[in-house]
Amino acid sequence: MKYYTVKFPLEITNEKGAGYENLSELKDVISFNLKSVLLTCPGERISEPTFGVCLRKRLFEFPSPAIIDSISSDIRSQVSFYIPSMTLLNVGISTEPDKNMVKIKISYRINSLQETEQFELDFDLNI
């Protein structure tokens, strides 16, 4: 079986010779990479000082339309540079002011598989 990377959080596996649980599906790897790009802040990744969108810090105060446009643009540029194995089809960022929530929905195509996938991430701004 082909493994792409280890699964986070790290968990020891019982599989002989594997050590840690691994991601063996390309869909899972791309979803993991997308989540990493969205949640990592520039400067957090050693030797990649520009990696990341830093969503948590940018959504600390309730987002304005200008912030949402900026985040959407940053998502597009970060993904095209750091995850060339996928093509973004749509980036949707919506707010729910009554719940103090921000929802991010991204649709993308995995280039080598020619399959379309959805990625969703919800932020509760009360926390």
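See the structure above.
Residues numbered from 1 in each chain as written. Predicted model: local features only at pLDDT ≥ 70, side-chain atom pairs only at ≥ 80, totals over all residues. Heavy atoms only, no water.

Caption draft 1: Fine view of the pattern of salt bridges. For the structure shown, the criterion picks out four salt bridges. Put simply, E117 and K27 hold a salt bridge, and the shortest N to O gap is 3.7 Å. Of this pair, E117 sits in strand β5 (residues 115-124) while K27 sits in helix α1 (residues 26-39), placing them 90 residues apart in sequence. The partner of K103 in a salt bridge is E96, and the shortest N-O contact between them spans 3.9 Å. Overlapping salt bridges bring together K27, E115 and E117 as one network. (Salt bridge = Lys/Arg side-chain N within 4 Å of Asp/Glu carboxyl O. Helix = DSSP H or I, 4+ residues; strand = E, 2+ residues; numbered from the N terminus.)

Caption draft 2: Representation of α1. The end-to-end C-alpha distance of α1, which contains 14 residues, comes to 20 Å, matching closely the 20 Å that a straight helix rising 1.5 Å per residue would cover. When α1 is considered as a whole, its buried residues turn out to be L26, V29, I30, L34, V37 and L38. (Expected span 1.5 Å × (residues − 1). Buried < 20%, exposed > 50% of the residue type's maximum accessible area, 1.4 Å probe, protein only.)

Caption draft 3: Structural detail: the packing of aromatic side chains. Under the defined criterion, the tally for this structure stands at two aromatic pairs. Judged by centre distance (4.9 Å) and plane angle (80°), the rings of F51 and Y82 are edge-to-face. In this pair, F51 sits in the loop between α1 and α2 (55-58) while Y82 sits in helix α3 (residues 65-82), placing the two residues 31 residues apart along the sequence. Both residues of the pair, F51 and Y82, count as buried. (Phe/Tyr/Trp six-rings, centres within 6.5 Å; stacked < 30°, edge-to-face > 60°.)

Caption draft 4: Quick peek at the sheet that holds strand β4 (residues 101-110). Strand order in this open sheet of three strands is β3-β4-β5, and the pairing throughout is antiparallel. Across the chains shown, the open sheet's two edge strands, defined by having one partner strand only, are β3 (86-96) and β5. Across the sheet, the mean angle separating the axes of adjacent strands is 15° when strand polarity is ignored. The sheet contact formed by β4 and β5 spans 10 bridges and is antiparallel. The residue bridging K103 from the neighbouring strand is D122, located in β5. Contacts from α3 reach β3 and β4, with the element oriented near 160° to β3. (Pairing = 2+ DSSP bridges. Axes fitted to C-alpha atoms, helices over the stretch in contact; angles between N-to-C directions. Contact = heavy atoms within 4.5 Å.)

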